[in-house]
Protein chains: 2
Amino acid sequence: MPFDIPQDATFTALADPTRRAILARLAEGQATVAELADPFQISQPAISRHLRVLEKAGLISTRIDAQRRPRQLNPQALAQVATWLTHLAARYEAQYQRLDAVLEDLQSDPTIPEGDMK
Amino acid sequence: MPFDIPQDATFTALADPTRRAILARLAEGQATVAELADPFQISQPAISRHLRVLEKAGLISTRIDAQRRPRQLNPQALAQVATWLTHLAARYEAQYQRLDAVLEDLQSDPTIPEGDMK
DNA sequence: ACTTTATTTAACTCTTAAGTTATATAACAA
DNA sequence: TTGTTATATAACTTAAGAGTTAAATAAAGT
């Protein structure tokens, strides 16, 4: 079962909260740069740059409508990332089922509760 | 159908290729800091910092085994991110099915092929 | 007690990335 | 052609983050 490992640029693109908000907006339907910039306090040029990052990452694509450049989501790119993450989790689960892994666990102390490590 | 929006820290953690490689390694089973540092050229303290980032993001957790601090994957955190991405893609698909969205598409020019935009 | 092993923390450097404003480009409208 | 709308690019500033080495902490081994 081979699956694609997402590009570095894709994860980089997802790391910014403004860009994630843009993706969430585009999930509701295509939108122009002005429409995308509207909900944010940052300048329009800043949004344009975010869009460039998202497009290079393959997460969105651009159409031409006169002077407008409406953007739309590329759902396959999102799905590809989701698949990679899911496979990692599944791989972990598979290992965790193994008897020797369980025994290894019993040998040592329990997990440190969150926040107990300084 | 409510679903959790992953923390900003989680996406930030996933943005670094070394940290993703660490996650991939941990999907094969728990590992100590030294073991995790081994495949990389960077220093062990750098790995420790990556691990701190991953733990704050909820992606891994730490056990105590004498002087060792074996790390293990938190598959739920990965699954949560996957779910968020999948929901975005699904939401897009749902919008895309709508008739008016399709008509809107027909009104304007086709998508710019990748690489044609400077 | 002293040494070794495992890991973390601190202090620092350097690069990258996100924001800004000002200017350029491009299509349309009068 | 001149102006207006929509978006992109350039030049610049600032802050965050990833790396380094050196020193601190902590548990075991001798």
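Keep in mind it's a predicted model, so treat the numbers as computed, not measured.

**What to know about the overall build of chain A**
And step 1. For chain A, the helix and strand inventory stands at 6 helices and 2 strands.
And step 2. Along chain A, helices and strands appear, N-terminal first, in the series α-α-α-α-β-β-α-α.
And step 3. The buried share of chain A, reckoned over its 118 residues, is 40%.
And step 4. In chain A, the share of contacts with a sequence separation of at least 24, taken over all contacts with a separation of at least 6, comes to 52%.
And step 5. Summing over all exposed atoms, chain A offers an accessible surface of approximately 6,900 Å²; the carbon and sulfur share of this is 53%.

**Re unusual backbone geometry**
And step 1. For Ala66(A), which is not glycine, the phi dihedral falls at a positive 55°.
And step 2. Note on placement: Ala66(A) falls in the loop between strand E1 (60-62) and strand E2 (71-73).

**Some remarks on the pattern of salt bridges**
Opposite charge on two side chains lets them pair, provided their charged atoms get close.
And step 1. One pass over the structure, following the stated rule, counts 4 salt bridges over all chains.
And step 2. Among the salt bridges present, the one from Glu28(A) reaches Arg91(B), with a minimum N-O distance of 2.7 Å. Placement of Glu28(A) in the loop between helix H2 (17-27) and helix H3 (33-37) and of Arg91(B) in helix H5 (residues 75-97) is noted, with the two residues assigned to different chains.
And step 3. Assessed through its relative accessible area of 41%, Arg91(B) is described here as partly exposed.

**Details of the relation of the copies chain B and chain A**
And step 1. Mapping chain B onto chain A leaves a residual RMSD of 0.0 Å; the transformation is a rotation of 180° accompanied by 0.0 Å of translation along its axis. What the superposition gives is, in effect, a two-fold axis relating one chain to the other. Rotation axis and chain B: the residue whose C-alpha lies nearest the axis is Ala82(B), separated from it by 2.0 Å.
And step 2. Most of the interface of chain B is mirrored in chain A, where 100% of its interface residues are also at the interface.

**Here we look at the interface of chain B and chain A**
And step 1. Between chain B and chain A, the residue contacts involve 43 residues of the former and 43 residues of the latter.
And step 2. For the interface between chain B and chain A, the tally reads 4 salt bridges.
And step 3. Between Asp8(A) and Arg20(B) there is a salt bridge, and its shortest N-O distance comes to 2.9 Å.
And step 4. At the surface where chain B touches chain A, the tally comes to 8 residue pairs in polar contact (both at pLDDT 80 or more).
And step 5. Those elements that provide at least two residues to the side of chain B that touches chain A are helix H1 (8-14), helix H2 (17-27), strand E1 (60-62), strand E2 (71-73), H5 and helix H6 (99-107) of chain B.
And step 6. Partitioned by chemical class, the residues of the side of chain B that touches chain A number 22 nonpolar, 10 polar and 11 charged.

**With respect to the nonpolar core**
And step 1. Core analysis: the largest hydrophobic core is formed by 54 residues, its most contacted members being Leu23(A), Leu59(A), Leu85(A), Leu23(B), Leu59(B) and Leu85(B).
And step 2. Apart from the residues within four sequence positions on either side, Leu59(B) is in contact with Thr10(B), Ala13(B), Leu14(B), Leu23(B), Leu54(B), Gln72(B), Leu73(B), Asn74(B), Ala77(B) and Leu78(B).

**Observations concerning H2(B)**
All names here are of chain B.
And step 1. Listed in full, the buried residues belonging to H2 are Thr 18, Arg 19, Arg 20, Ile 22, Leu 23, Leu 26 and Ala 27.
And step 2. Where H2 begins, one side-chain oxygen reaches toward the backbone nitrogen of Thr 18, 2.8 Å away; that side chain belongs to Asp 16.
And step 3. Note on H2: the residue one or two positions beyond its end, Gly 29, has a positive phi of about 140°.

**Quick look at the side chain of Thr62(A)**
And step 1. Within the secondary structure, Thr62(A) sits in strand E1.
And step 2. Only 2.7 Å separates the side chain of Thr62(A) from the side chain of Glu55(A), close enough to count as a polar contact.

**Re helix H5 (residues 75-97) of chain A**
And step 1. The first and last C-alpha atoms of H5(A) sit 33 Å apart over 23 residues, in line with the 33 Å expected at 1.5 Å per residue.
And step 2. Within the sequence span of H5(A), burial applies to Pro75(A), Ala77(A), Leu78(A), Val81(A), Ala82(A), Trp84(A), Leu85(A), Leu88(A), Ala89(A), Tyr92(A) and Gln95(A).

**Observations regarding the packing of H2(B) against helix H4 (residues 44-56) of chain B**
Residues and elements named next belong to chain B.
And step 1. As a packed pair, H2 and H4 sit with axes 10 Å apart at the nearest point and diverge in direction by 75°. With respect to their mutual orientation, H2 and H4 come out roughly perpendicular. Together, Thr 18, Arg 19, Ile 22 and Leu 23 of H2 and Ile 47, His 50, Leu 51, Val 53 and Leu 54 of H4 make up the contact between the two elements.
And step 2. Tallied by class, the residues present in the contact of H2 with H4 amount to 6 nonpolar, 2 polar and 1 charged.

About the thresholds
Residues numbered from 1 in each chain as written. Chains lettered and ligands numbered in written order. Predicted model: local features only at pLDDT ≥ 70, side-chain atom pairs only at ≥ 80, totals over all residues. Heavy atoms only, no water. Helix = DSSP H or I, 4+ residues; strand = E, 2+ residues; numbered from the N terminus. Buried < 20%, exposed > 50% of the residue type's maximum accessible area, 1.4 Å probe, protein only. Contact = heavy atoms within 4.5 Å. Areas by Shrake-Rupley, 256 points an atom, 1.4 Å probe, with all protein chains shown as cover. Salt bridge = Lys/Arg side-chain N within 4 Å of Asp/Glu carboxyl O. Least-squares fit on C-alpha atoms with pLDDT ≥ 70 in both. Polar contact = N/O pair within 3.5 Å; in protein donor to acceptor, adjacent residues only side chain to side chain. Nonpolar A, V, L, I, M, F, W, Y, C, P; charged D, E, K, R; others polar. Core = buried A, V, L, I, M, F, W, Y, C linked by side-chain atoms within 4.5 Å. Expected span 1.5 Å × (residues − 1). Axes fitted to C-alpha atoms, helices over the stretch in contact; angles between N-to-C directions. Parallel < 35°, antiparallel > 145°, perpendicular 65-115°, else oblique.

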